[in-house]
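# Working through the structure, step by step
Here are the chains, one letter per residue:
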Amino acid sequence: MCKLASRAYKEEDTIVQVGNVLIGGDEPVFIAGPCSIESAEQVGQIAQAVKGHAHILRGGAFKPRSSPYSFQGLAEEGLILLQRAGQEAGLPTVSEVVSPEDVELVAQYVDMLQIGARNMQNYALLKKVGRCGKPVLLKRGIAATIEEWLMSAEYIMSEGNPNVVLCERGIRTFEPLTRNTLDISAVPVVHHLSHLPVLVDPSHAAGKWDLVEPLALAAMAAGADGLMVEVHNHPDEALSDGPQSLLPKRYCQLVEKAREIRALAKRRKTNV
Ligand code: PEP
Ligand code: MN
């Protein structure tokens, strides 16, 4: 079992600060942005469109694609564009790092580092982000149990970084009609076992934009500390994950509903 990440070790909820945003407190936190950063116009327009309904801007510059022939991201140029879009919109940023040698580069440009599902058990990468001094968004592995996921958080924390936020994004099951199966039960189970905040990414669970809202609302009802949602201004032309991306307007409507559900579901996490 995990130690530093466990509720037995630290009873009170951990609050992780990203820029001026607090994750894990009374207010739900919303992270929005494109799957991949594609151009200054694209990420800039999306940032402006979501800024009233998002706390943190996301966008991938190093993309862990299932096919080596798919768009791999703009790398450092993408990070520069994300940083600028975030500054102009007044939003801190999060972006994925896929290899240990890029941790310092990514950390120069973003407020939070994301570890993707495919890298949840890349222990060299986990140790490196444990020493980077920035908060980490740790996604659940595609076929990882909750205990394995918490052990990956433990890798980061045991290197001296207590600022870990967990993100449930769906797990692989036998069901082909969704991209992954969103494990809603992970939210209360993690709150019971761990003091770390847990967000839900309904986009990668759903795989289709019209399933994103119901999954997001279910996550809020289950007590998630917030959501991470993929948003694109032209989903049909997106270089990655267009089918699951929401238009900004639809995203903003989702956030309004998510806040209402969250207000109903509000409770002390330690009472689970
Ligand atoms: C992403 O957030 O763009 C991503 C690749 O997610 P995951 O690692 O959950 O598949
Ligand atoms: Mn994506």
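Calculation criteria
Residues numbered from 1 in each chain as written. Chains lettered and ligands numbered in written order. Predicted model: local features only at pLDDT ≥ 70, side-chain atom pairs only at ≥ 80, totals over all residues. Heavy atoms only, no water. Helix = DSSP H or I, 4+ residues; strand = E, 2+ residues; numbered from the N terminus. Rg over C-alpha atoms; globule rule 2.2 N^0.38 Å. Buried < 20%, exposed > 50% of the residue type's maximum accessible area, 1.4 Å probe, protein only. Contact = heavy atoms within 4.5 Å. Areas by Shrake-Rupley, 256 points an atom, 1.4 Å probe, with all protein chains shown as cover. Lys, Arg positive; Asp, Glu negative; His and termini not counted. Charge placed at Lys NZ, Arg CZ, Asp CG, Glu CD. Pairing = 2+ DSSP bridges. Right-handed = clockwise from strand over helix to strand, strands pointing away. Axes fitted to C-alpha atoms, helices over the stretch in contact; angles between N-to-C directions. Parallel < 35°, antiparallel > 145°, perpendicular 65-115°, else oblique. Left-handed = near helix turned anticlockwise from the far one by under 90°. Phe/Tyr/Trp six-rings, centres within 6.5 Å; stacked < 30°, edge-to-face > 60°. Donors = N, O, S within 2.8 Å, 3.2 Å for Na, K, Ca; no water. Near = heavy atom within 4 Å. Polar contact = N/O pair within 3.5 Å; in protein donor to acceptor, adjacent residues only side chain to side chain. Nonpolar A, V, L, I, M, F, W, Y, C, P; charged D, E, K, R; others polar.

## Topic: the overall build of the chain
The helix and strand tally for the chain stands at 9 helices and 10 strands. Against the 2.2 N^0.38 benchmark of 19 Å for 272 residues, the chain shows a C-alpha radius of gyration of 17 Å, consistent with a compact globule. Across its three principal axes, the chain shows a C-alpha extent of roughly 45 × 40 × 40 Å. Each of the 272 residues in the chain was classed as buried or not, and the buried ones make up 56%. Taking the intrachain contacts of the chain between residues at least 6 apart in sequence as the baseline, contacts between residues at least 24 apart amount to 70%. On the chain, roughly 11,400 Å² of surface is accessible, and the fraction owed to carbon and sulfur atoms is 53%. Averaging the positions of the 28 positive and the 32 negative side-chain charges in the chain gives two centres separated by 3 Å.

## Considering the pairing of strand S6 (residues 112-115)
Along S6, one buried face is formed by Met 112 and Gln 114 and the opposite face, lined by Leu 113 and Ile 115, is buried too. As judged from the 3 bridges shared by strand S5 (residues 93-96) and S6, these two strands associate in the parallel manner. When the bridges of S6 are listed, Glu 96 appears paired with Gln 114. Read as a crossover between parallel neighbours, the route from S5 over helix H3 (residues 103-109) to S6 is right-handed. As defined by bridge partners, S6 adjoins strand S7 (residues 136-139) across 3 bridges and the pair is classed as parallel. Looking at S7, one finds that Gln 114 is bridged to Leu 137. You can see the chain leave S6, run along helix H4 (residues 123-130) and come back into S7, and the turn it takes is right-handed.

## Points about the packing of helix H5 (residues 146-157) against helix H6 (residues 186-193)
H6 packs onto H5 with a crossing angle of 50° between their chain directions and a minimal axis gap of 11 Å. By the angle class used here, H5 and H6 are oblique. When the axes of H5 and H6 are compared, the crossing they make is right-handed. Contacts from Ile 146, Trp 149 and Leu 150 in H5 reach Ala 186, Val 189, Val 190 and Leu 193 in H6.

## What about unusual backbone geometry?
For Ala 75, which is not glycine, the phi torsion reads 55° and is therefore positive. Residue position: Ala 75 is located in the loop between strand S4 (56-58) and helix H2 (76-89). Look at Asp 241: it is not a glycine, yet its phi comes out positive at around 55°. Note on placement: Asp 241 falls in the loop between strand S10 (226-230) and helix H9 (248-265). You can call Asp 241 buried: its relative accessible area is 16%.

## Here's the deal with the packing of aromatic side chains
All told, the structure shown has 1 aromatic pair when counted by the stated rule. Ring geometry for Tyr 123 and Tyr 155: centres 4.4 Å apart, planes at 25°, overall stacked. With a gap of 32 residues between them, Tyr 123 in helix H4 and Tyr 155 in helix H5 connect regions that are remote in the sequence. Looking at Tyr 123, the relative accessible area reads 34%, which means it is partly exposed. Given the relative accessible area of 30%, Tyr 155 is considered partly exposed.

## Quick notes on the coordination of the manganese ion (ligand 2)
Coordination angles at a metal have ideal targets, namely 109.5 degrees for four tetrahedral donors and 90 or 180 degrees for six octahedral donors. Cys 35 (SG), His 204 (NE2), Glu 230 (OE) and Asp 241 (OD) make up the full set of protein donors to the manganese ion (ligand 2), lying at 2.0 to 2.3 Å. For the manganese ion (ligand 2), the donor residues sit on a single chain with the sequence spacing C-x168-H-x25-E-x10-D. You can see Cys 35 sitting in the loop between strand S3 (29-33) and helix H1 (40-50) and its partner His 204 sitting in helix H7 (residues 202-206), a full 169 residues away along the chain. A relative accessible area of 3% means that Cys 35 is categorised as buried.

## Description of the site of ligand 1
Surveying the vicinity of ligand 1 reveals the residues Cys 35, Arg 58, Lys 63, Glu 96, Gln 114, Gly 116, Ala 117, Arg 118, Lys 139, Arg 169, His 204 and Glu 230. For ligand 1, an oxygen atom lies 3.0 Å from a polar atom in the side chain of Arg 118. Protein chains bury 97% of the 300 Å² of accessible surface belonging to ligand 1 in isolation. Looking at the shell around ligand 1, its residues break down into 2 nonpolar, 3 polar and 7 charged.

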